[in-house]
Amino acid sequence: MNPRLDTVFKATRHLFEVPEGVVYLDGNSLGPLPKASRERVRHVIDDQWSRQLIKGWNDAGWIDLPQKVGDRIAKLVGAPAGSVLATDSTSVNLFKVLSAALGMQAERAVEVSDTATRRVVLSDTGNFPNDLYVAQGLLRALGDGPHGTGYELRTVEPQDVADAIDETVAVLMLTQTDYRTGRLHDMTNLTRRAHAAGVLTIWDLAHSAGAFPVDLEAAGADFAIGCGYKYLNGGPGAPAFIYVRPDHADEARPALVGWMGHEAPFAFDLEYRPAPTTDRMLVGTPPILAMASLDAALDVWDGIDLTDVRERSIELTELFIAEVEARCPELELASPRDPHARGSQVSFRFPDGYAVMQALIAHDVIGDFRAPDIIRFGFTPLYLGPDDVVRAVDVLETILRDRLWDRPEYKRRSKVT
Ligand SMILES: *Cc1c(COP(=O)(O)O)cnc(C)c1O
């Protein structure tokens with residue numbers, strides 16, 4: 001362990017409220033409460049909403065929060081100022097960028113009288129199924145299938161994506177970090193290959209933003225989306241983010257639009273005119289309490305270098321894997337062994353993984369389970385250290401050795417796993 005990082009992350013640990021005695025290895029699903037968020041939400045309620053009422057939109061700057069918070073997230077994902085907005089959910093943002101990207105491809109085909117149409121949205125079987133659902137819903141609305149416009153969602157195995165990129169593809173839609181195993185796609189190379197074939201790219205950064213350095217600008221990604229409540233700690237259901245490469249900003253036309261993305265929202269024109277900037281990706285009124293929580297949660301990143309986060313994350317995941325493999329031979333590593341090929345999570349397979357995870361949670365070691373047999377652990381240096389990792393493995397070893405998981409109460413499935 002790099003001793004310099006002990007000092008860096010000792011300071012950030014106190015910025016969070018993690019219950020005493022809990023080892024929290026699920027910050028990749030829901031980040032814990034930053035103390036600053038509690039204070040900020042209280043401030044917005046007690047000093048702004050209660051006293052300023054509607055004046056808060058101007059006087060407290062509520063109306064500018066999507067851009068202001070977006071600019072803070074931009075710094076964490078290598079995007080220029082003005083190219084990222086905090087808004088809506090990841091799913092809704094995906095709908096917007098996918099529809100915009102398909103529209104851009106259709107426009108380009110018209111411009112060059114290209115009748116060889118691009119009809120494929122290319123993704124992979126490792127993608128978060130939700131993202132495939134969003135694409136299926138949009139393509140259905142656009143009239144997919146033999147009698148419609150003929151759009152097709154094509155999913156290939158993750159390792160086959162590069163070879164599946166060709167001139168029939170309109171959009172490459174991928175999640176950079178696999179939600180189950182943490183396997184990383186090479187965003188730079190796949191984007192380059194996509195562009196060489198005239199394909200636009202959408203990157204879902206849900207398990208990337210705040211987990212390790214991301215450089216959207218260097219990769220040349222066309223669009224990106226990501227989550228506010230995972231590694232960014234914005235709170236349950238926090239606003240997500242959306243990135244549009246600056247040179248696409250006045251060309252992209254999402255299928256879901258609203259007054260916040262209008263050129264002049266308060267002119268109340270009957271005709272929709274998109275804002276000339278990324279702002280056109282806004283739809284409705286921003287949720288200010290949730291936005292305030294996310295904004296304050298981003299304070300913890302001030303002065304933090306994501307390369308330090310990455311270095312410590314690799315130290316923690318390497319330690320975890322070594323300890324688990326030495327002490328829990330029943331478990332099979334599901335994540336890539338090469339730390340540079342995975343994000344900030346580690347997963348293991350076990351047939352009764354659900355029960356093992358419930359037992360772990362009952363013993364204050366919190367991770368999560370992903371069907372069919374994956375137990376998943378997220379590593380977040382901001383509030384987790386090597387002592388936590390060792391303690392988690394101590395508990396895991398006991399649960400497996402004494403078969404503590406083999407009880408009916410650990411096998412009852414809740415709605416959320
Ligand atoms: C968590 C996650 C989402 C979440 O989308 P919501 O709209 O917030 O439910 C989307 N995509 C991926 C890849 C995720 O991991």
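It should be emphasised that the depicted structure is a prediction, and the values quoted were computed from it without experimental measurement. Each chain has its residues counted from 1, following the order in which its sequence is written. Since the coordinates come from a predicted model, pLDDT governs what is reported: local features require at least 70, and pairs of side-chain atoms require 80 or more to be given and counted, while whole-chain, interface and lining totals use all residues. Side-chain metrics in this entry use all non-hydrogen atoms of the structure; hydrogen atoms and water are not considered.

Engineer: I'd love a proper account of the packing of aromatic side chains, names of residues and values included.
Structural biologist: Pairing of aromatic rings covers Phe, Tyr and Trp, the last through its six-membered ring, and needs centres within 6.5 Å; plane angles under 30 degrees mean stacked, over 60 mean edge-to-face, and all others mean tilted. Taken as a whole, this structure holds eleven aromatic pairs when the rule is applied. Among the aromatic residues, those joined into a cluster by ring pairs are Phe320, Phe348, Phe377 and Phe379. Two limits define a charge over a ring: the Lys NZ or Arg CZ must be within 6 Å of the ring centre, and within 35 degrees of the ring normal. Over the aromatic face of Phe128 sits the side chain of Lys230, whose NZ or CZ is 5.7 Å from the ring centroid. The positively charged end of Arg413 is found above the aromatic ring belonging to Tyr354, 4.4 Å away from the centroid.

Engineer: For a nonpolar patch on the surface, give the residues involved together with the corresponding values.
Structural biologist: Judged by side-chain polarity, Ile45, Trp49 and Leu289 come together as a nonpolar surface patch covering roughly 270 Å² of accessible area. Positionally, Trp49 belongs in helix α2 (residues 35-52). Grouping into patches uses exposed residues only, defined as over 30% relative accessible area, and leaves out salt-bridged ones; the cut-off is 9 Å for like charges and 5 Å for nonpolar side chains (Val, Leu, Ile, Met, Phe, Trp, Tyr). Areas reported here follow the Shrake-Rupley algorithm with a probe of radius 1.4 Å; residue values treat only the protein chains shown as occluding. By definition, a salt bridge exists where a carboxyl oxygen of Asp or Glu is found within 4 Å of a side-chain nitrogen of Lys or Arg. Strands are runs of DSSP state E lasting at least two residues, helices are runs of H or I lasting at least four, and both sets are numbered from the N terminus onward.

Engineer: Break down the sheet that holds strand β8 (residues 200-204) for me, with residues and values.
Structural biologist: Strand pairing requires that DSSP identify at least two bridges connecting the strands. The strand order across the open sheet built from seven strands is β4-β10-β9-β8-β7-β5-β6, with neighbouring strands paired in mixed fashion. Each of the sheet's edge strands pairs with one partner strand only, and the pair in question is β4 (84-87) and β6 (152-156). Between one strand and the next, the sheet's axes are offset by a mean angle of 20°, whatever the strand orientation. In this structure, strand β5 (residues 120-124) lies alongside β6, joined through five bridges in parallel fashion. Paired with Ser123 across the strands is Thr155, a residue of β6. We call two residues contacting when some pair of their heavy atoms lies within 4.5 Å. Axes, fitted as lines to C-alpha atoms, cover a helix only where it is in contact. Angles between the N-to-C directions of the axes lie from 0 to 180 degrees. The strands that helix α8 (residues 187-196) touches are β7 (169-175) and β8; relative to β8, the one it contacts most, it runs at about 155°.

Engineer: So what's going on with the nonpolar core? Residues and values would help.
Structural biologist: Generally speaking, soluble globular proteins have nonpolar side chains that are buried together. What we call a nonpolar core is a set of buried Ala, Val, Leu, Ile, Met, Phe, Trp, Tyr and Cys residues that are connected through their side-chain atoms within 4.5 Å. Partly exposed describes any residue whose relative accessible area lies between the buried limit of under 20% and the exposed limit of over 50%, with all areas from a 1.4 Å probe on protein chains only and scaled to the type maximum. The biggest cluster of nonpolar side chains holds 91 residues, and the ones touching the most others in it are Leu216, Trp301 and Phe348. Tallying contributions element by element places helix α13 (residues 386-401) first for this core, with seven residues. Non-local contacts of Phe348, meaning those with residues more than four positions away in its chain, are made with Phe320, Ile321, Val324, Glu325, Leu331, Glu332, Leu333, Ala334, Asp373, Ile374, Ile375 and Phe377. Within the second largest apolar cluster, 28 residues are counted, among which are Leu132, Ala135, Ile225 and Ala252.

Engineer: Can you break down the site of the ligand residue by residue, with the values?
Structural biologist: Note on terminology: near, applied to a residue and a molecule or strand, indicates that one of the residue's heavy atoms is within 4 Å of it. Every residue close to the ligand is listed here: Ser89, Thr90, Ser91, Phe128, Asn130, Asp131, Thr175, Asp204, Ala206, His207, Tyr229 and Lys230. Thr90 places a polar main-chain atom, nitrogen or oxygen, 3.5 Å from an oxygen atom of the ligand. Measuring from an oxygen atom of the ligand, one finds a side-chain N or O atom of Lys230 at 2.6 Å. Considered class by class, the residues forming the shell around the ligand number three nonpolar, six polar and three charged. Here a polar contact is taken to be a pair of N or O atoms separated by no more than 3.5 Å, where protein atoms must pair a possible hydrogen donor with a possible acceptor and residues adjacent in sequence count only if both atoms sit in side chains. Residues are sorted three ways: Asp, Glu, Lys and Arg are charged, Ala, Val, Leu, Ile, Met, Phe, Trp, Tyr, Cys and Pro are nonpolar, and all the rest, Gly among them, are polar.

Engineer: Quick rundown of the domain arrangement of the chain? Include the residues and the values.
Structural biologist: Annotation comment: domain bounds sourced from an automatic or database domain assignment. You can read the domains of the chain as domain 1 (3-30 + 305-411) and domain 2 (55-301). Domain 1 and domain 2 are separated by 30 Å when their C-alpha centres are compared. Each partner contributes to the interface: domain 1 provides 28 residues, whereas domain 2 provides 22 residues. Between domain 1 and domain 2, the buried area comes to about 2,000 Å², and carbon and sulfur atoms account for 65% of it. Take the accessible area each of two parts loses on contact, using a 1.4 Å probe, and add the two losses: that sum is the buried area. The largest share of the area that domain 1 buries against domain 2 comes from Leu30, Leu306 and Gln345, three residues that together contribute 26% of it. Seen at the junction of domain 1 and domain 2, the total is zero salt bridges. Counting across the interface, domain 1 meets domain 2 through eight residue pairs in polar contact (both at pLDDT 80 or more). Elements with a contribution of two residues or more to the side of domain 1 that touches domain 2: α11 (306-327), β12 (345-349) and β15 (374-378). Take the side of domain 1 that touches domain 2: its biggest share by element is four residues, from α11. Split by residue class, the side of domain 1 that touches domain 2 holds 13 nonpolar, eleven polar and four charged.

Engineer: Residues and numbers for α8, please.
Structural biologist: For α8, the complete set of buried residues consists of Met187, Leu190, Thr191 and Ala194. All buried residues of α8 lie within an arc of 100° about the axis, which places them on one face of the element. Opposite its buried face, α8 presents the exposed residues Arg192 and Ala196, each directed more than 90 degrees away. On the buried face of α8, the contacting elements are α7 (161-164), β7, β8 and α9 (216-219). Where α8 begins, the capping side chain belongs to Asp186, and its oxygen is found 3.3 Å from the backbone nitrogen of Thr188. Gly198 lies just past α8 and shows a positive phi near 75°. Here, the arc refers to the directions that run from the helix axis to the C-beta atoms.

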